[in-house]
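Descriptive analysis of the structure
Residues per chain are reported as follows:
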Amino acid sequence: YGSTNTKIQRFTTTTLNAGSDITYADSAADGASFTINTAGWYFIVNNISITAIGFLGISKNSSELTTNITAITPADILALGYTDSTGEFGICSALTYLTATDVIRPHAYGAAVSGSGIVSQFNIVRVG
């Protein structure tokens, strides 16, 4: 998670970053963000294995980056997921129309990730 934006996940590895429809940025302070450059329909998936029971989600244009995903402005929540067991993967997804300059973030509640192999994954792709 970002040190300033404490509810925004960070990623250490980018598997594929292709095209110019989305700009990915990651910082130690702010966490990860995906800025939309081309309006269209997007499919987004966030999954994470956390060390405690809790929520994960996907936010759009949120300014509440130190607030748990369940407590931010409801209009800013694109998707919400829940893990009901320690170390279990939670998943959420959205198919939504996004406009240029929208900012999408993997938004959770700041609990540590755990497990082996891939413990957190975020995918966003323009589908039309």
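Structure first, text after, so check above.
These lines cover the structure that appears in this document, whether it is placed above or below. (Residues numbered from 1 in each chain as written. Predicted model: local features only at pLDDT ≥ 70, side-chain atom pairs only at ≥ 80, totals over all residues. Heavy atoms only, no water.)

**Considering the sheet that holds strand β6 (residues 89-98)**
- In space, the three strands of this open sheet follow the order β6-β3-β8, with antiparallel pairing throughout. Two strands in the sheet have a free side with no partner beyond their single neighbour: β6 and β8 (120-126). The sheet shows a mean angle of 10° between the axes of neighbouring strands, direction not considered.
- Note that strand β3 (residues 40-49) and β8 share seven bridges and pair antiparallel. Of the residues in β8, the one forming a bridge with F43 is V125. (Pairing = 2+ DSSP bridges. Helix = DSSP H or I, 4+ residues; strand = E, 2+ residues; numbered from the N terminus. Axes fitted to C-alpha atoms, helices over the stretch in contact; angles between N-to-C directions.)

**Focus: the pattern of salt bridges**
- Counted according to the given criterion, the structure contains two salt bridges.
- Between R10 and D26 there is a salt bridge, with its nearest N and O atoms 2.7 Å apart. You can see R10 sitting in the segment before β1 (22-27) and its partner D26 sitting in strand β1, a full 16 residues away along the chain.
- On the basis of relative accessible area, R10 is assigned to the partly exposed category, the value being 36%.
- Owing to a relative accessible area of 27%, D26 belongs among the partly exposed residues under this scheme.
- With its nearest N and O atoms 3.5 Å apart, the salt bridge here joins R126 to D21. One end of the pair, R126, is in strand β8; the other, D21, is in the segment before β1, and 105 residues separate them in sequence. (Salt bridge = Lys/Arg side-chain N within 4 Å of Asp/Glu carboxyl O. Buried < 20%, exposed > 50% of the residue type's maximum accessible area, 1.4 Å probe, protein only.)

**Describing the sheet that holds β1**
- Spatial strand order, β1-β2-β7-β4-β5: five strands in an open sheet with antiparallel pairing. The open sheet has two edge strands, β1 and β5 (77-83), and neither has a second partner. Strand-to-strand twist of the sheet, defined as the mean angle between neighbouring strand axes without regard to direction, takes the value 15°.
- Relative to β5, strand β4 (residues 54-60) runs antiparallel, the two sharing six bridges. Bridging across to β5, F55 finds its partner in Y82.

**A closer look at the side chain of Q9**
- Along the chain, Q9 turns up in the segment before β1.
- Residue classification places Q9 among the buried residues on the basis of a relative accessible area of 2%.
- In terms of polar contacts, Q9 uses its side chain to reach the side chain of N46, at 3.1 Å.
- Ignoring sequence-local partners within four residues, the contact set of Q9 consists of Y1, G31, A32, N46, I48, P106, H107, A108 and S120. (Polar contact = N/O pair within 3.5 Å; in protein donor to acceptor, adjacent residues only side chain to side chain. Contact = heavy atoms within 4.5 Å.)

**Comments concerning the side chain of S62**
- Within the secondary structure, S62 is located in the loop between β4 and β5.
- Separated by 3.0 Å, the side chain of S62 and the backbone nitrogen of E64 make a polar contact.
- In contact with S62, not counting residues within four places along its chain, are I72, D76, R105 and H107.

**A word on unusual backbone geometry**
- Positive phi is not limited to glycine here, since N61 has a value of about 55°.
- Counting through the fold element by element, N61 comes out in the loop between β4 and β5.
- When its relative accessible area of 36% is taken as the criterion, N61 is described as partly exposed.
- Of note in this structure, T101 is not a glycine but carries a positive phi near 85°.
- Note on placement: T101 falls in the loop between β6 and β7 (103-107).

These figures capture arrangement, not role.
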